[in-house]
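Descriptive analysis of the structure
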Amino acid sequence: MNITQGIKMAMSSILTNKLRAFLTMLGIIIGVSAVITLVSLGQGSTKQVTEQVQGLGSNLITVTITGRGSQTSLDYEDVMKLNEKSAIEAVAPVISQNVTVKHGNKNEDVSVEGTNAEYESVRDFHVQTGRFLLPIDVEYRQKVALIGTSTATDLFGLTDPVGQTVLINGNPFKIVGLLEEKGSSMGGSNDEKLLIPISTAERVFATKGVRNVYIQAKTPEEVDLAVSQLETELAKKFRGDEDSYRVFNQQDILESVESVTGIMTLMLSGIASISLLVGGIGIMNIMLVSVTERTREIGIRKAIGAKKRDILIQFLIESIVLSGIGGIFGIIVGIGGALLVGSITNIDVAFSLNVIWLAFGFSVIVGVFFGIFPANKAASLKPIEALRFE
Amino acid sequence: MAIMNPLIEIEDLSKLYQMGDETLKALDDVSLSVNKGDFVAIIGPSGSGKSTLMNMLGCLDVPSKGNYWLDGQKVNKMSDNQLAEIRNQKIGFIFQGFNLLPKLTAFENVELPLIYRKVPGKERKELALASLEKVGLADRVHHRPIELSGGQQQRVAVARALVGNPPILLADEPTGALDTKTGNEVLELMHHLNEQGHTIVLITHDLDIAKRAKRIIRIQDGKLFEDGGDFL
Ligand SMILES: Nc1ncnc2c1ncn2[C@@H]1O[C@H](COP(=O)(O)OP(=O)(O)OP(=O)(O)O)[C@@H](O)[C@H]1O
Ligand SMILES: [Mg+2]
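The rules behind the values
- Residues numbered from 1 in each chain as written.
- Chains lettered and ligands numbered in written order.
- Predicted model: local features only at pLDDT ≥ 70, side-chain atom pairs only at ≥ 80, totals over all residues.
- Heavy atoms only, no water.
- Domains from an automatic or database assignment.
- Contact = heavy atoms within 4.5 Å.
- Buried area = accessible area lost by both parts, 1.4 Å probe.
- Salt bridge = Lys/Arg side-chain N within 4 Å of Asp/Glu carboxyl O.
- Helix = DSSP H or I, 4+ residues; strand = E, 2+ residues; numbered from the N terminus.
- 1 Å grid on protein atoms, 1.4 Å probe; cavity = no way out; pocket = protein on both sides within 12 Å on 5 of 7 lines; lining within 4 Å.
- Points joined across faces, edges and corners; volume = space filled by probe spheres on them.
- Nonpolar A, V, L, I, M, F, W, Y, C, P; charged D, E, K, R; others polar.
- Core = buried A, V, L, I, M, F, W, Y, C linked by side-chain atoms within 4.5 Å.
- Buried < 20%, exposed > 50% of the residue type's maximum accessible area, 1.4 Å probe, protein only.

Re the domain arrangement of chain A
By the assigned domains, chain A splits into domain 1 (3-52 + 255-388) and domain 2 (72-237). Domain 1 of chain A and domain 2 of chain A are separated by 55 Å when their C-alpha centres are compared.

In structure tokens, the structure reads:
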């Protein structure tokens, strides 16, 4: 007896009892589809988060000042001195405020960030038309602004925003550049904002001092060095009070995202193995029932020359086909489920062919593992006793 | 061995069943030889050991003691797998209850022994169709057993027994589940097969049926007697 013959036999035997076969497969279907749905959503959202973190810019370090006593911020000049550290490539301090921006009769609440020219390279955020902020803008407190794509459409519709004027807190600002579209990253949308020179922002917002600084390390290898240089400097400034400031680096965030993903994958594998185990027991159970029901069939087959091996293969193929079809259904349901949940919750879905193969492979292995015992039981029946079975 | 080997040769063969403290001798030191082309009827009352003997001859069960040569091969010491092969190659079974697989069509039932013999599909199909034709069921090839009459089912079983062209056909009360008319048809078919050279061992408790065989062997309490025919 060959494999094709065996699969044909298995299929016809499965098809004679469709409902039972379906119920038997259900455990596998649920297990496999749960894994695929959860993993696809998990990997999708991990990818989303990773992209957002990376969207902040490369080799990025963020410094946030929370303050100590009366000192709650840093001077712009002090911040810019950080640039002299060996591992630091560029420094972009940011003062931000949510304000209402006006153009004609249109009002938009957006975040206005005061920063300098280095913001472009630090955040890897460029203009698509016009120009970026220049050092000279900061030096002379120019009333110029860059506009994010969403805000531009909101205020100007299809008109080119470059060259237009908006009112920020009543002050007219000339728009000199349209920012590229960046989507959202950690800390909100990048496309609903205005960038203005930091010196101008201090005036317009009537604040002094910087509380957020984006810093770019020279190379990925130097990120750790840059962080320690920053920490040394900040500790000096705040007299060793480590609670007055926080230094984040993008790598840390990525690593923690990865470790969360790792834990999640582990948990999912746990769920998967439990449900596949349950599914496997279901298959074994039905196969044992089937062996008993078909004792006479086994007797007849042996009487006309089936060897132990032939019967073993027949039942083994049957349980593998059961679990394999369950696995295929599970993959279909899992992909469908992931797409559905993804579209409802707006989470990205990332299908991994590896996971799909793995899930299918596992369901087949379950079929082998839980089919061996019933198949062996069938194969070991004595022909004479099997034939006498009523 | 001699040139004229008997097809079946059993020698001092016993089958014992242990029932608690008692030992039941279902076959008690029996010896028998059957030549090629023979038509042997084995007759005896219920419980006399007919089916036990048939199971021995058909290598479905192993004797407790004694020797058995089938077509020149000593089979009483063979492994399960070797016995399966012997059953597949040398023996065609015809059972009282037909023993067809209910989910398979007549054709699929008939080709089954060839599947286990690993005959390729095309040849298998030809042989199975030829065999069904031989028993007059060429027009019932795709019927399932449930869609066939008792006589037709038994003819499918005969076709299945014949398909591998085994040297021996073993029939255990092949007409037991049939009415006299269809039973006679099946018997005629078997006589016809015997004329074509098939060796047949037929088990029955019906003297009329036994009388039509070339040889009659009586079985009583696990012992065999061969005495010409008019012993009852
Ligand atoms: N597996 C078994 N265990 C114990 N005793 C058995 C077994 N099989 C058969 N026997 C006994 O062996 C004896 C012969 O049985 P067998 O089935 O060969 O009779 P038979 O001649 O075929 O009868 P019938 O005409 O009713 O089919 C009987 O007494 C029976 O009870
Ligand atoms: Mg009997």
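Here's the deal with the interface of chain A and chain B
In this assembly, 24 residues from chain A lie in contact with 24 residues from chain B. Counting each side, the surface lost to burial between chain A and chain B is near 2100 Å², with a carbon and sulfur contribution of 57%. Among the residues of chain A in contact with chain B, Ile304(A), Lys307(A) and Ile384(A) are the three that bury the most area, contributing 28% of the side total. Put simply, chain A and chain B have 1 salt bridge between them. Its salt-bridge partner being Glu85(B), residue Lys307(A) comes within 2.7 Å of it at the nearest N-O pair. Mapped by element, the contributors of at least two residues to the side of chain A that touches chain B are helix H1 (3-15), helix H10 (295-303), helix H11 (308-345) and helix H13 (383-388) of chain A. Among the elements that line the side of chain A that touches chain B, the one with the most residues is H10(A), at 6 residues.

Focus on empty space enclosed by the protein
All names here are of chain B. Taken as a whole and assessed by the stated rule, the structure comprises 2 cavities of 30 Å³ or more. Considering only enclosed or pocket space, the largest cavity measures out at about 100 Å³ in volume. Lining the largest cavity are 13 residues, with Ile91, Gly92, Pro113, Arg160 and Ala161 sitting closest to its centre. At the level of elements, helix H2 (80-90), strand S6 (91-94) and helix H5 (150-162) are the ones that each hand at least two residues to the lining of the largest cavity. Ranked by residues supplied to the lining of the largest cavity, first place goes to S6 with 3 residues. Across the lining of the largest cavity, the residue classes break down as 7 nonpolar, 3 polar and 3 charged. Quantified by volume, the second largest cavity comes out at close to 40 Å³. Residue lining of the second largest cavity: Met56, Cys59, Asp61, Val62, Pro63, Tyr68, Val75, Asn76 and Leu83, and that is the complete set. Considered class by class, the residues forming the lining of the second largest cavity number 7 nonpolar, 1 polar and 1 charged.

Some remarks on the nonpolar core
Soluble globular proteins: nonpolar side chains tend toward being buried together. The biggest cluster of nonpolar side chains holds 72 residues, and the ones touching the most others in it are Ile8(B), Ile10(B), Tyr68(B) and Leu70(B). Ignoring sequence-local partners within four residues, the contact set of Ile10(B) consists of Val30(B), Ser31(B), Leu32(B), Leu53(B), Leu57(B), Asn67(B) and Tyr68(B). With 45 residues, the next largest nonpolar core counts Ile61(A), Val166(A), Ile168(A) and Ala226(A) among its residues.

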